[in-house]
Amino acid sequence: QVQLVESGGGLVQAGGSLRLSCAASGSIFSINAMGWYRQAPGKQRELVAVVPSGGRTNYADSVKGRFTISRDNAKNTVYLQMNSLKPEDTAVYYCNALVVPTRLSGVYDYWGQGTQVAVSS
């Protein structure tokens, strides 16, 4: 079993910054990709940013130039630095990881419990 634990959400004024962290633990042989998604009230969950192992990062157009995703493979942790936050960034942010639990297993999709980010105008 794999657990993803997020931290770093909160309330911030427009123009401010927050840093989200997500640590994966449990049965992990390798992690193919780690990323962040968000879901605002009444809207579908959407991709914010993703960082594959050894690949290029990918960002939603709405956060390019403001958010930065990074990954510490030794700690199985992914970060999301969010700068110049806007009220429209308000959402529950979910961590996602594509994990290979053992050498002989396939890839499994895991989600964190979500962390609330609220940006006031």
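Structure first, text after, so check above.
Note that the coordinates shown come from a computational prediction; the quantities given were computed from them, not determined experimentally.

Student: Explain the overall build of the chain here, please?
Tutor: Each helix and strand in the chain was counted, giving zero helices and eleven strands. Moving toward the C terminus, one meets the helices and strands of the chain in the order β-β-β-β-β-β-β-β-β-β-β. Dimensions of the chain, computed from C-alpha atoms along their principal axes, come out at roughly 50 × 25 × 25 Å. Classification of the 121 residues of the chain by burial places 40% in the buried group. Accessible surface, the chain as shown: approximately 6400 Å² in total, 48% of it carbon and sulfur. Here the chain contributes 11 positively and 7 negatively charged side chains, and the mean placements of these two sets differ by 5 Å.

Student: Hey, could you run me through the nonpolar core in this one?
Tutor: Counting 31 residues, the largest nonpolar core has Trp 36, Leu 80, Met 82 and Tyr 93 as the members making the most contacts within it. Those elements that provide at least two residues to this core are strand S1 (2-7), strand S3 (18-26), strand S4 (30-39), strand S5 (46-52), strand S7 (67-72), strand S8 (77-82), strand S9 (91-100) and strand S11 (115-120). Sort the elements by how many residues they give to this core and S9 lands first, with five residues. Leaving out residues up to four positions away in the same chain, Tyr 93 has contacts with Glu 6, Leu 20, Trp 36, Tyr 37, Arg 38, Val 48, Phe 67, Leu 80, Met 82, Gly 114, Thr 115 and Val 117.

Rules behind the numbers
Every residue gets a number counted from 1 within its own chain, in the order that chain's sequence is written. Where totals are concerned, whole chains, interfaces and linings use all residues; where local detail is concerned, this predicted model gives features only for residues with pLDDT of at least 70, and gives and counts side-chain atom pairs only at 80 or more. Hydrogens and water molecules were not included; the side-chain quantities draw on all heavy atoms of the structure. Where helices and strands are cited, they refer to DSSP runs of H or I of at least four residues and of E of at least two residues respectively, numbered from the N terminus. Each residue is assigned to one of three classes by its accessible area relative to the maximum for its type, calculated with a 1.4 Å probe on protein chains only: buried under 20%, partly exposed between the two thresholds, exposed over 50%. The Shrake-Rupley method, run with a 1.4 Å probe, gives the accessible areas here. Residue values count only the displayed protein chains as cover. Counted charges follow a simple rule, with Lys and Arg positive, Asp and Glu negative, and His plus the chain ends left uncounted. In plain terms, the charge of a residue is placed at NZ if it is Lys, CZ if Arg, CG if Asp and CD if Glu. Residue types Ala, Val, Leu, Ile, Met, Phe, Trp, Tyr and Cys, when buried and joined through side-chain atoms within 4.5 Å, form a set referred to as a nonpolar core. By the convention used here, residues are in contact when the closest approach between their heavy atoms is within 4.5 Å.

Bear in mind that shape data such as this cannot, by itself, settle questions of function.
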